[in-house]
Structure formats: C-alpha cells, structure tokens
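Single-letter residue listing:
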Amino acid sequence: MKRTDFDVIIVGAGPAGLAAGYVLAKEGISVAIIERGIFPGSKNVMGGIFYRSSLDDLIPDFYKEAPIERHIVEQKFWFLSEDSMFSTGLRSERFNIEPYNCFSIFRAKFDKWFAKKVADASAMIINETVVKDLILEGEKVSGVRTDRPNGDLYSDVVIVADGVNSFLAKSLGLGKEIRTNDVAIAVKEVIELPDKVINDRFGVSNSSEGVTIEITGPYFNNMRAMGFIYTNRNSLSIGIGAVIEDLVRLKINPNDLLEILKKHPAIKPLVSGGEAKEYMAHMIPEGGYYAMPRLYSDGVMVVGDAAMLVNSIHREGANLAIESGKLAAKTYIEARKKGDFSKKTLSSYQKKLEESFVLKDLKTYKNLPKLLEEKRYLISKYPKFIIDSMYEIYNVDRVPKSEKIRLIMNRAKKEIGYFNILKDIFNIWRSFR
Ligand SMILES: Cc1cc2nc3c(=O)[nH]c(=O)nc-3n(C[C@H](O)[C@H](O)[C@H](O)COP(=O)(O)OP(=O)(O)OC[C@H]3O[C@@H](n4cnc5c(N)ncnc54)[C@H](O)[C@@H]3O)c2cc1C
C-alpha cells in the first residue's frame, strides 16, 4: 500500500498555507504545515493592511479576538513632487462601522494567532523545518523532503505556499524565472510614537481608528515605486517598494529610497520625533496575471504569493493568499471524494480561482504592469502636471483665472502634447479591456 504520513502537506505557514490548513483540519483531514521560521509570522513582512472579508468567511468576527492594531477609517493616495503633495482618498464613517473593512496588523503577532487557531482545529504545524525539495513518484508529487534527519514526508497532495519566488513551483517547471520587471523589493520601518501623537497627526479621534497613505509620483525619479504609511496603535509602519528593474537602472537601493521618502516635507512632520524599532525587507510579486505560474499539477497546487497572486494596485495580497488557500483546500476535499489527485481533477482549483474575485481582479489589471513598464512617465509626468496646475490655481497673484487656465493648457500642449494625452487615455482604457 502507498505510504502517506498526512493527507495533505502544506509548505509555508503564511496566510495562504494557514487558510488551507484551517479548512482542511476543520473537515477532519490530517494536515501538516511545514514552516521554516521559529514560529509562523517570524519571517513574514507586510505593510500591514489586512482586509477582513476573506478570513471572516473562515472565522466569523475574527477581528474581535485577533491581534489587530487599528481599523482603517481613511485611505489616502498621495502624489509627491520635490516640494509638493497632491492628495486624493476617502474618509468615511461607513469604514467606522463593525465589522470594518480592513485593519493595520503586525504579521509576527497576527500569523502566530492565526496559526494557533489552525493548530486548535487539529492541523500539525511543524516549525523550524525547511522543505528542500518535492518528492515525485513518476510525474506525481507525493511528498516533501525536509532538512530534518529522515525528514521525508508523504501525502496525497502538497500545497505549495512558500511565498514569493517559490523555488518549489520552479523546481516542478510550473513557475518561470521571475523577471526583474515583475518583482519589487520593499523595505519597511516601524517607528514608535505615542498613540495620542498619532491620533493628532492623522486626524483620528481615538486609538482604534487608523489611516493609510499610499504614496507615488515624480519625487521618485520616474521609478515604479510605491511608498506607504500606516497607523498602528503606538507606531507607524512606513515603507517603500520599487520594481527591481528600476532600482538597478537607477543604481539606488531601497533603503536610500526610504530615507528619501522620510525627508519629503509632507512626510517628515508625520514621523518626526519617532523612534525606529524594526526594519524589514521583502520581495513583492507585482507582475500580475501574466506573471502567474501554472497553478496545479499531479498531486500539487500553488497558492498565495508563490502563485504571484498579488493585486499591487490595491495593495491586496494577504487576502488573495487566504482566498487561494481556501479554494485549494476545497479542491482537495472534492478530489479526495473521487480518490483522484491527478492534475485533471486538481484543475478545478484554477476554475474556482477564475470564478472568484482573485483572478477576476488580476485579469482586470492584467495589462497594467506592462503598460507601466513601457510608459513609466504615466506615474510621474501627469501627477507633476496636476501638481503644477493646482499650484497655479491656488496661488493668488493677481493673474486672472482665465489667463491661468490658458497657461495650463499651453503647458499641457508643450510638456505632454494633446495627441499624446489622447494616446495615453486610449492606452489606459485599452489596458483595462
Ligand atoms: C513590504 C510589503 C508590504 C505589503 N503590504 C501588504 C498589505 O498592506 N496588505 C496585503 O494584503 N498584502 C501586503 N503585502 C503582500 C502580502 O504580504 C503577501 O501577499 C502575503 O503575505 C502572501 O502570503 P503567503 O502565505 O502566500 O506567503 P508568505 O506570507 O510569504 O508566507 C510564506 C511562508 O512560507 C515559509 N517558507 C518559505 N519557504 C519555505 C520552505 N522551503 N520551507 C518551509 N517554509 C517555507 C515562510 O517562512 C513564510 O512563513 C505586502 C508585502 C510586502 C513585502
């Protein structure tokens, strides 16, 4: 008889692996989650905005017991130029009503809490163990080789949830070599400040309400760079990620980029007087739909960042990881009923993802990474034009408004060109088709 130690082995105890483990364990399926860190979350980095709905579907009202920092009541988007900031965003009392839309979190605490729920549901979490390879029987994945003595473990199915740049997916020929245009390197610092100072600076009335600021624009030298500031209870998470290709092209490292961000006149007063407590760096898969590997094969499914499931435009990653983990687990449950773990049966994982918001959203934005790769100026030239035009309008210098509008139109013609504007609008419209 074929040897199996567990029905399912999951590699990686991030949100994707933990969600898969939770669904399976709740169904009474024997599942092991193998994690290289000393505990789940110990190696994980996130900006840290966590969208509620995917996990709420698994653990209703989880936020009432999970270690969350603040629920987010305002989300802003800032475009920075050398000396200015143009802001857009939404503050809404609807975000202030339970069960809330999203929260700021720390992954080290949050993943640890989530892992405990998964362990309580009777999944086995094996920490401090590295999966070195997948074990194949013919074409079928039938287990994992770990770095422990006699560390081979066998299962019906392996769920690969080892995060971005998954060497396991690559080893199966599912994932391609990652292009430097498809991955960003992000750095993040946690800056401690008293909660009252944070409340005042970000305009919230108490320490459970939070604000997010996403930041891009010409200040970052034509790079595909995205910064962020998120309010935690007694600290700020500030960070920035940039596509590797741009970092190499401009010979700049992400740490320098973070220092540049912190020096901007709109950012400096927000972080001033704070004490840096933690510093982290990590990769983010940003290639979108076309950068995804194949998601399944005989005896194996790939979930979360390992499958490049990140919607970077909306900074959604952990929720897509949870959704994909759930769907992979459901696919296993169906396959088990058939007693068939072939790629034909597991292909319904892909179908489920296609029917969910995960791949629907990634498809919506599928051409955007390429568009920004080819037309980097879209995130610098236009914001700069808007900032300079708004300055013209706001600056009262006894020049009549009609004259100012004429000057702005002239600048649009000279600096960008009417025909180019129409072309760019057409290209953006086409990229969403
Ligand atoms: C700076 C930054 C900011 C981000 N901000 C946000 C945000 O605000 N909101 C959001 O939703 N998403 C955000 N993301 C994305 C989000 O963090 C990821 O999409 C999410 O963590 C993916 O979950 P995962 O379980 O697929 O992978 P991970 O969280 O990376 O988990 C993978 C796990 O596998 C383990 N592992 C890896 N290899 C092995 C191995 N060989 N053997 C055993 N264990 C292994 C790792 O230790 C890790 O615990 C951000 C990412 C970064 C880097």
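Keep in mind the model is a prediction, meaning the values are calculated, not measured. (Residues numbered from 1 in each chain as written. Predicted model: local features only at pLDDT ≥ 70, side-chain atom pairs only at ≥ 80, totals over all residues. Heavy atoms only, no water.)

**Digging into the overall build of the protein**
Working step 1: Counting secondary structure elements, the protein contains 15 helices and 17 strands.
Working step 2: Against the compact-globule benchmark of 22 Å for 433 residues, the protein has a radius of gyration of 23 Å, which places it among compact chains.
Working step 3: Projecting the C-alpha coordinates of the protein onto the three principal axes gives extents of approximately 90 × 50 × 40 Å.
Working step 4: Long-range contacts, defined as pairs at least 24 residues apart, comprise 72% of the intrachain contacts of the protein with a sequence gap of at least 6.
Working step 5: When the accessible surface of the protein is summed, it comes to about 19,800 Å², and 54% of that surface belongs to carbon and sulfur atoms.
Working step 6: Averaging the locations of the 63 positively and 56 negatively charged side chains of the protein gives two centres separated by 4 Å. (Helix = DSSP H or I, 4+ residues; strand = E, 2+ residues; numbered from the N terminus. Rg over C-alpha atoms; globule rule 2.2 N^0.38 Å. Contact = heavy atoms within 4.5 Å. Areas by Shrake-Rupley, 256 points an atom, 1.4 Å probe, with all protein chains shown as cover. Lys, Arg positive; Asp, Glu negative; His and termini not counted. Charge placed at Lys NZ, Arg CZ, Asp CG, Glu CD.)

**Topic: the nonpolar core**
Note on soluble globular proteins: their nonpolar side chains tend to be buried together.
Working step 1: Core analysis: the largest hydrophobic core is formed by 81 residues, its most contacted members being L24, L55, F62 and L309.
Working step 2: The dominant element in this core, judged by the number of residues it contributes, is helix α9 (residues 318-338), at 10 residues. (Core = buried A, V, L, I, M, F, W, Y, C linked by side-chain atoms within 4.5 Å. Buried < 20%, exposed > 50% of the residue type's maximum accessible area, 1.4 Å probe, protein only.)

**Here we look at a nonpolar patch on the surface**
Working step 1: The grouping of I393, I405, M409 and Y418 at the surface amounts to a nonpolar patch, some 360 Å² of accessible area in total.
Working step 2: Relative to the helices and strands, Y418 resides in helix α15 (residues 418-431).
Working step 3: Residue class for Y418 comes out partly exposed when judged on its relative accessible area of 39%. (Patch = residues over 30% accessible without salt bridge, like charges linked within 9 Å, V, L, I, M, F, W, Y side chains within 5 Å. Salt bridge = Lys/Arg side-chain N within 4 Å of Asp/Glu carboxyl O.)

**Some words on the site of the ligand**
Working step 1: With respect to spatial proximity, 37 residues lie near the ligand, and among them E35, G47, I49, R107 and D305 are the closest.
Working step 2: Residue V45 places a main-chain N or O atom 3.4 Å away from an oxygen atom belonging to the ligand.
Working step 3: Taking I49, its main chain carries an N or O atom lying 2.7 Å from a nitrogen atom of the ligand.
Working step 4: For the ligand, whose free accessible area comes to 1,000 Å², the fraction covered by protein is 96%.
Working step 5: Contributions of two or more residues to the shell around the ligand are made by α1 (15-26), β15 (275-285) and α9. (Near = heavy atom within 4 Å. Polar contact = N/O pair within 3.5 Å; in protein donor to acceptor, adjacent residues only side chain to side chain.)

**Thoughts on the packing of aromatic side chains**
Working step 1: Taken as a whole, this structure holds 19 aromatic pairs when the rule is applied.
Working step 2: When the centroid spacing of 5.8 Å and the interplanar angle of 70° are considered together, the rings of Y289 and Y290 count as edge-to-face.
Working step 3: Given a relative accessible area of 49%, Y290 falls into the partly exposed group.
Working step 4: Taken together, F50, F62, Y63, Y100, F103, F110, W113 and F114 form an aromatic cluster joined through their ring pairs.
Working step 5: Here the guanidinium or amino end of K112 rests over the ring plane of F39, the centre of that ring lying 4.6 Å away. (Phe/Tyr/Trp six-rings, centres within 6.5 Å; stacked < 30°, edge-to-face > 60°. Lys NZ or Arg CZ within 6 Å of the ring centre and 35° of its normal.)

**Remarks on the domain arrangement of the protein**
Working step 1: When cut into domains, the protein gives domain 1 (6-67 + 106-177 + 290-364), domain 2 (183-285) and domain 3 (369-431).
Working step 2: Inter-centroid distance (C-alpha atoms) of domain 2 to domain 3 is 27 Å.
Working step 3: Counting residues at the interface gives nine residues for domain 2, matched by eight residues for domain 3.
Working step 4: Interface area, domain 2 with domain 3, both sides summed: about 680 Å², of which 60% is carbon and sulfur. (Domains from an automatic or database assignment. Buried area = accessible area lost by both parts, 1.4 Å probe.)

**Considering the pairing of strand β9 (residues 140-146)**
Working step 1: Counting buried residues in β9 gives five out of seven residues, a clear majority hidden from the surface.
Working step 2: Examined bridge by bridge, strand β8 (residues 131-137) and β9 share six bridges and lie antiparallel to one another. Residue I135 lies in a different strand from β9, and its bridge partner there is G143.
Working step 3: Counting the residues in the hairpin turn of β8 and β9 gives two residues, including G138, whose phi is positive at 65°. (Pairing = 2+ DSSP bridges.)

**A look at helix α3 (residues 107-120)**
Working step 1: Over its 14 residues, α3 extends 19 Å from the first C-alpha to the last, a length consistent with the 20 Å expected when each residue adds 1.5 Å.
Working step 2: Within the span of α3, buried status applies to R107, F110, D111, W113, F114, A115 and V118.
Working step 3: Note on α3: the residue one or two positions beyond its end, S122, has a positive phi of about 85°. (Expected span 1.5 Å × (residues − 1).)

**Digging into the environment of L247**
Working step 1: Tracing the backbone through its elements, the reader meets L247 in helix α6 (residues 244-249).
Working step 2: Sequence-wise, L247 and A225 are 22 residues apart; in three dimensions their C-alpha atoms are separated by 9.2 Å.
Working step 3: Discounting chain neighbours no more than four positions away, the residues touching L247 are I185, M223, A242, I252, N253, P254 and L257.

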